[in-house]
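# Geometric and topological summary
Below, each chain spelled out in residue letters.
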Amino acid sequence: IACLCDLEGADKTTPVSEVMSAPVVEATPTLSLPEAATLMRDLDVSCLPVSVNGKPVGVVTRGDLTRAGYWPLADPMAEEEIDACDAYYDLGSGD
């Protein structure tokens, strides 16, 4: 899954390595929604892979957190909320 706002300005020959977030920060299924939202905000990432014993079991995205009521997350140090573009494109689907 890629966020379209991360791909702005990239041409069709740009390798994924130039736009990806690294290193990968993983969540566990027991991470709370507020903790996931805070981690994503602090790391400025739009999704977190979820793994158990090093094996991926899912992905939590800003869209997931928005639907659950935890995004946009108000920054306690600022007066404005953090925006998310919420424009996702599944690169594997061909859509």
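Scope of this entry: the structure provided in the associated data block.

### Looking at the overall build of the chain
Across its full length, the chain holds two helices and four strands. In the chain, the succession of α and β elements from N to C terminus is β-α-β-β-α-β. Taking all 95 residues of the chain together, 21% fall into the buried category. The long-range share in the chain, meaning contacts at least 24 apart out of those at least 6 apart in sequence, stands at 43%.

### Remarks on the nonpolar core
Judged by nonpolar contacts, Ala27, Ala36, Ala37, Met40, Val45, Leu48, Val50, Val60, Leu65 and Trp71 together constitute the single largest core of 10 residues. Breaking this core down by element, the ones donating at least two residues are α1 (33–43) and β2 (47–52). Setting aside chain neighbours within four positions, we find valine 45 in contact with Ser21, Met40 and Arg62.

### Brief notes about α1
Regarding α1, the residues found buried are Ala36, Ala37, Met40 and Arg41. Take α1 and look down its axis: the buried residues cluster within an arc of 130°, on one side only. Where α1 is buried, its residues contact β2, β3 (55–61) and α2 (62–67). Aspartate 44 lies just past α1 and shows a positive phi near 55°.

### As for the environment of valine 50
Following the sequence through the fold, valine 50 ends up in strand β2. A C-alpha to C-alpha distance of 9.6 Å links valine 50 and threonine 30, two positions 20 residues apart in sequence.

### Observations concerning the pairing of β2
The pairing of β2 with β3 spans six bridges and is antiparallel. Its bridge partner being in β3, cysteine 47 is matched across the sheet by threonine 61. Joining the antiparallel neighbours β2 and β3 is a turn of two residues, in which asparagine 53 adopts a positive phi near 55°.

### Some details on unusual backbone geometry
Peptide bonds are trans in most cases, and residues, glycine excluded, mostly fall at negative phi. Of note, the bond from alanine 22 into proline 23 is cis; its omega dihedral lies within 30 degrees of zero at 0°. Locating proline 23 in the fold gives a position in the loop between β1 (2–3) and α1. Although it is not a glycine, aspartate 44 sits at a positive phi angle of roughly 55°. You can see aspartate 44 is positioned in the loop between α1 and β2. Given the relative accessible area of 62%, aspartate 44 is considered exposed.

Scoring rules and cut-offs
Residues numbered from 1 in each chain as written. Predicted model: local features only at pLDDT ≥ 70, side-chain atom pairs only at ≥ 80, totals over all residues. Heavy atoms only, no water. Helix = DSSP H or I, 4+ residues; strand = E, 2+ residues; numbered from the N terminus. Buried < 20%, exposed > 50% of the residue type's maximum accessible area, 1.4 Å probe, protein only. Contact = heavy atoms within 4.5 Å. Core = buried A, V, L, I, M, F, W, Y, C linked by side-chain atoms within 4.5 Å. Arc of directions from axis to C-beta. Pairing = 2+ DSSP bridges.

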